[in-house]
Amino acid sequence: MNELSVEQKKFLHIQKRHRRVVGVSRVLILLSFLFIWEFTANTGIIDSFIFSSPSKIALCFWEMTLDGTIFLHIGVTLYETVVSFFLVIAVSILAAVALWFSSKLSEILDPYMVVLNSLPKSALAPLLIVWLGANQTTIIVAGMSVAIFGSILSLYSSFSSVDPEKIKLIYTLRGNRFHALTKVVLPSSLPAIINIMKVNIGLCLVGVVIGEFLAARSGLGYLIIYSSQVFKMDWLLLGIVLLCLMAMVLYALISLLEKWCVKHY
């Protein structure tokens with residue numbers, strides 16, 4: 001095995017130092033923010049009843065951990081988000097494949113897809129409650145509605161932009177359109193699918209929270225809307241913090257999937 005040259009070692013050292021500086025800077029910014037927040041709340045510079053404080057939020061989390069209620073809210077929101085996410089991915093791929101197979105169908109449905117994608121999804125939530133009732137199905141559908149139309153359009157665009165010469169080669173080898181889809185289009189669109197998954201995991205979480213605002217009796221969205229009504233700001237901010245952490249973890253899992261796909265494909 002060849003040893004690294006001096007210039008390569010220098011480059012790797014610079015990159016390592018850069019990553020260390022970035023990581024430390026991120027941690028310092030977060031700690032500084034938390035310190036300023038705690039200090040201003042304790043000294044009365046800001047109203048701790050309205051803005052709460054990191055220590056109060058941590059205490060609230062501990063109390064809700066002891067009685068188990070926080071795990072109920074996290075579990076409900078996580079379940080609804082994951083279900084809506086996988087349904088969005090499955091339906092989007094199937095719909096994009098159908099549009100790719102029939103150019104006439106794509107031309108017919110294109111303006112409707114654009115309009116539905118542009119529609120503010122929060123406006124659909126009350127309608128979904130009337131149609132489906134105030135239940136978990138409504139919340140999952142609300143989570144899907146935020147992401148699904150944009151996903152279909154993005155996937156179809158990715159399918160359509162695949163190198164036509166590769167598809168022509170499949171036909172030259174006496175393959176059919178199904179072979180072109182499975183051998184060329186889907187493998188070539190894998191990076192686009194992963195990128196769409198990264199976006200959709202956050203969008204589904206947003207849609208689920210919107211649904212929980214209106215039609216839930218548990219979940220982080222319900223915790224946030226209920227705490228705002230009874231002025232329990234510690235609960236409200238705790239719900240927001242947990243949503244941020246959940247979004248970060250879910251995005252990190254998709255990133256791990258991306259690295260695995262890059263390594264194996």
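Residues numbered from 1 in each chain as written. Predicted model: local features only at pLDDT ≥ 70, side-chain atom pairs only at ≥ 80, totals over all residues. Heavy atoms only, no water.

## Quick word on the overall build of the chain
Looking only at helices and strands, the chain features 12 helices and zero strands. Helices and strands appear in the chain in the N-to-C order α-α-α-α-α-α-α-α-α-α-α-α. In terms of C-alpha radius of gyration, the chain reaches 24 Å, well past the compact-globule figure of 18 Å for 265 residues. Projected onto its principal axes, the C-alpha coordinates of the chain cover approximately 75 × 70 × 30 Å. When contacts within the chain are restricted to residue pairs at least 6 apart in sequence, long-range pairs at least 24 apart make up 72% of them. Carbon and sulfur atoms form 70% of the exposed surface of the chain, whose accessible area is close to 16400 Å². Separation between the mean location of the 20 positive side-chain charges and that of the 14 negative ones in the chain comes to 11 Å. (Helix = DSSP H or I, 4+ residues; strand = E, 2+ residues; numbered from the N terminus. Rg over C-alpha atoms; globule rule 2.2 N^0.38 Å. Contact = heavy atoms within 4.5 Å. Areas by Shrake-Rupley, 256 points an atom, 1.4 Å probe, with all protein chains shown as cover. Lys, Arg positive; Asp, Glu negative; His and termini not counted. Charge placed at Lys NZ, Arg CZ, Asp CG, Glu CD.)

## Some thoughts on helix H11 (residues 220-229)
For an α-helix the count is 3.6 residues per turn, leaving residues at separations of three or four pointing the same way. Every buried residue belonging to H11 is among Leu 220, Gly 221, Leu 223, Ile 224 and Ser 227, and all of these are buried. The arc that holds the buried residues of H11, viewed along the axis, is 165°, so those residues lie on one side. Residues of H11 that are buried in the fold lie against helix H3 (54-67), helix H4 (69-101), helix H10 (190-215) and helix H12 (233-264). One or two residues past the end of H11 sits Phe 231, with phi positive at roughly 60°. (Buried < 20%, exposed > 50% of the residue type's maximum accessible area, 1.4 Å probe, protein only. Arc of directions from axis to C-beta.)

## As for the confidence of the model for the chain
In low-pLDDT segments, the atomic positions of the prediction should not be examined closely. Per-chain confidence: the chain averages 87 in pLDDT, with 98% of residues scoring 70 or above. When the elements of the chain are averaged for pLDDT, helix H6 (residues 124-132) gives the smallest value, 82, and H4 the largest, 93. (pLDDT = per-residue confidence, 0-100.)

## Some remarks on the layout of surface pockets
As a volume, the largest pocket reaches approximately 390 Å³. Leu 30, Leu 34, Trp 37, Val 241 and Leu 245 are the residues nearest the centre of the largest pocket, which is lined by 16 residues in total. Per element, the largest residue contribution to the lining of the largest pocket is eight residues, and it comes from H12. (1 Å grid on protein atoms, 1.4 Å probe; cavity = no way out; pocket = protein on both sides within 12 Å on 5 of 7 lines; lining within 4 Å. Points joined across faces, edges and corners; volume = space filled by probe spheres on them.)

## Focus: the state of the cysteines
Overall, the coordinates contain zero disulfides when judged by the stated rule. Left unpaired, Cys 204 is separated from the closest cysteine sulfur, that of Cys 244, by 17 Å. Taking the relative accessible area as the measure of exposure, Cys 204 reaches 0% and is therefore buried. Its sulfur unpaired, Cys 261 is 18 Å from the next cysteine sulfur, which belongs to Cys 204. For Cys 261, a relative accessible area of 10% puts it in the buried group. (Disulfide = S-S within 2.5 Å.)

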